[in-house]
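Per-entry structural report
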Amino acid sequence: MAYYKINKNAKGELVAKMQAYGRDLTTGAKKLYVKRIYNENGLTEAKFKKFLEREAIAFEEELERAYREHDVSAKTKVLTFHELIAEWRESIKANLSISYYERVKEIEKKFNAYLKEINLYDKPISAIKVRDVQLFLNSFTSKKYNLTLKLTAKLKKPLPKTVNFRQLEREGIIDRCRSYHMNHYDTHIMKETAQAICDRYKLDYDDYFETVKNEKSYSTETIKGYRRVLRTLFNEAVRYEWINKNPVCGTKVGAGNSNSCLRAVPEKEVFSVKEAQAFLTMLDRLPDDIMSRCICVKLMLLTGIRNAELHGLRWSDVDLKNHILHVRRNRLVSREFGVYEKPPKTKTSLRDIPMPDNLVEELKKYREWFRIADDRFDEKQDEYYLAVGLDRQPLYPHTIGHWLTVIEEKYGFKHVSCHGLRHTYCSLLLSQNVPIQTVSKYMGHSDSTVTLEVYSHFIPDTQEKVICALNNIMKK
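Residues numbered from 1 in each chain as written. Predicted model: local features only at pLDDT ≥ 70, side-chain atom pairs only at ≥ 80, totals over all residues. Heavy atoms only, no water.

Between its first and last C-alpha, helix 14 (residues 399-410) extends 17 Å over 12 residues, near the 16 Å set by a 1.5 Å rise per residue. Considered for burial, the residues of helix 14 that qualify are Thr-399, Ile-400, Trp-403, Leu-404, Ile-407 and Glu-408. Along helix 14, the residues classed as buried sweep out an arc of 155° about the axis, all on the same side. If you follow the buried residues of helix 14, they end up packed against helix 10 (273-284), helix 11 (291-303), helix 12 (307-312) and helix 15 (418-431). (Helix = DSSP H or I, 4+ residues; strand = E, 2+ residues; numbered from the N terminus. Expected span 1.5 Å × (residues − 1). Buried < 20%, exposed > 50% of the residue type's maximum accessible area, 1.4 Å probe, protein only. Arc of directions from axis to C-beta. Contact = heavy atoms within 4.5 Å.)

Quick look at the pairing of strand 12 (residues 338-342) now. Sheet analysis places strand 11 (residues 330-334) next to strand 12, joined by five bridges and oriented antiparallel. Within strand 12, the position partnered with Leu-332 by the bridge is Tyr-340. Linking two consecutive strands that pair antiparallel, namely strand 11 and strand 12, is a turn of three residues. (Pairing = 2+ DSSP bridges.)

Attention now moves to the sheet that holds strand 6 (residues 189-190). Strand order in this open sheet of three strands is 6-5-7, and the pairing throughout is antiparallel. Edge positions in the open sheet fall to strand 6 and strand 7 (209-212), since each of these has one partner strand only.

A few words now on helix 16 (residues 436-443). Within the sequence span of helix 16, burial applies to Ile-436, Val-439, Ser-440, Tyr-442 and Met-443. Packing partners of the buried residues in helix 16 comprise helix 11, strand 13 (351-354), helix 15 and helix 17 (448-455).

A word on the environment of Ile-107. Within the secondary structure layout, Ile-107 lies in helix 3 (residues 98-117). Remark: the alpha-carbon pair of Ile-107 and Leu-135, spanning 28 residues in sequence, is separated by 15 Å.

Next up on the list: the pattern of salt bridges. Pairing between side chains of opposite charge can happen when their charged atoms approach one another. Tallied over the full model, the rule gives 19 salt bridges. Its salt-bridge partner being Lys-298, residue Asp-284 comes within 2.3 Å of it at the nearest N-O pair. Residue Asp-284 is found in helix 10, and its partner Lys-298 is found in helix 11; the two are separated by 14 residues along the sequence. Salt bridges here are not isolated pairs; linked through shared partners, they connect Asp-284, Lys-298 and Glu-362. (Salt bridge = Lys/Arg side-chain N within 4 Å of Asp/Glu carboxyl O.)

So, on to the sheet that holds strand 9 (residues 318-319). Strand order in the open sheet made by the three strands is 9-10-13, with antiparallel pairing throughout. Either end of the sheet is taken by a strand with one partner, and the two such strands are strand 9 and strand 13. Pairing of strand 10 (residues 324-327) with strand 13 involves four bridges; the strand directions are antiparallel. Bridge pairing links Ile-324 to Pro-354 in strand 13.

What follows deals with the packing of aromatic side chains. What the rule picks out here adds up to 26 aromatic pairs. Between Tyr-366 and Trp-369 the ring centres are 5.7 Å apart and the planes differ by 10°, which places this aromatic pair in the stacked class. Residue Tyr-366 and its partner Trp-369 are both found in helix 13 (residues 357-373); the two are separated by three residues, about one turn of the helix. With respect to burial, Tyr-366 and Trp-369 carry one shared label: buried. Joined through ring pairs, the aromatic side chains of Phe-81, Phe-111, Tyr-114, Phe-136, Phe-140, Tyr-218, Tyr-226 and Phe-234 make up one cluster. Over the ring of Tyr-240 we find Arg-239; its NZ or CZ atom is 4.9 Å from the centre of that ring. (Phe/Tyr/Trp six-rings, centres within 6.5 Å; stacked < 30°, edge-to-face > 60°. Lys NZ or Arg CZ within 6 Å of the ring centre and 35° of its normal.)

One finds Phe-279, Leu-283, Leu-299, Ile-305, Trp-315 and Leu-363 to be the most contacted residues of the largest nonpolar core, which totals 58 residues. Of all the elements in the fold, those that place two or more residues in this core are helix 10, helix 11, strand 10, helix 13, helix 14, helix 15, helix 16 and helix 17. Membership of the second largest hydrophobic core comes to 31 residues, among which are Trp-88, Phe-136, Leu-137 and Val-229. (Core = buried A, V, L, I, M, F, W, Y, C linked by side-chain atoms within 4.5 Å.)

Structure, rendered in structure tokens:
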């Protein structure tokens, strides 16, 4: 029977090294085969031993069968990339990591297509080398992808004065904001919208519009994301001892030696203090029938919560008495799985955030709006979300982002996305000399190093304070 020895790894998990004698497939000589078995199901040591006893018998039988059938994968069957990633993907799905699961599916499709091109698709994963992975990552620097499945159109010359944009808005063909940007900033509109305008006024489409592909280059961050997924997958092959070294670790993306996805947030992606004040003033002047959307935007700007965290907020998470917002869940959307909930992305994302007085007062008014619709609202606060429509039902997770873009264009503000509001919150706190550790805590970062690396340029220059401190030390 095969011999095994149980140890514990650095994480305190049970790991067994199993040895058994078989025959060399080429010479037929006696040969020692070794494999490592991990306690993937979290068994107790006693149950893990029973599991190993069964595995030992199966290991010896596999070696005998392999010699009889001259199976070159006797030690353990080395899977191909597409076999391993399919197996690994299903384990991710079972653990409900849906967003990561969809990203893995995207990489799986792209890398499998690449392996077919270089004739490695049906080869063991050990045949894939550093250069193969590097060339795959390099290929995205010159590729582009479509932002939308539909074609877009761009104006070639001004439309005739007979085109009435007010009338087009009334007929639901194109809104005034989009038509203004089309005329003044050369932005694209959907081709079907452009065709509808031409049909309405009997214009020749080719005379006034040019069909364009709405393409975008792959960003360095996107390519680094692909690299991280591949690195994790190849680590599985290392764990199974199919390869000695992860080939992805030898690759680079972008300039320099760092493959970190962190980047400094430029000022164009955030509101300055004056811009934030003007933006909040504009929101205060909007009609009460869109109060729910205004509240949602203010929450992101004044608490720094993520869009998914906003949509996961329930009224039971709001402590108006102590001015505290409890972040406990994310509400996301997936093409394959629809809308779903999951815990925040990291342990530090589970956090309590203080709210300013004005926001608390507005939330109190917002709460009354819910009470009007349900007399038992106070008893059912765990059932009601904060991000809702007029029917008090949860909004689709992308709704606020689309509305924010429209409202910024309509009132002449620069485009700051939902995540840009989160960046703004952090930059405003740092600009007001709030300690970096405090900001990091309320942002939900794993540590203050992340906050410093991304937002350090928003911290006021402290050169004068340093000189003053040193001068005081030197005084006698």
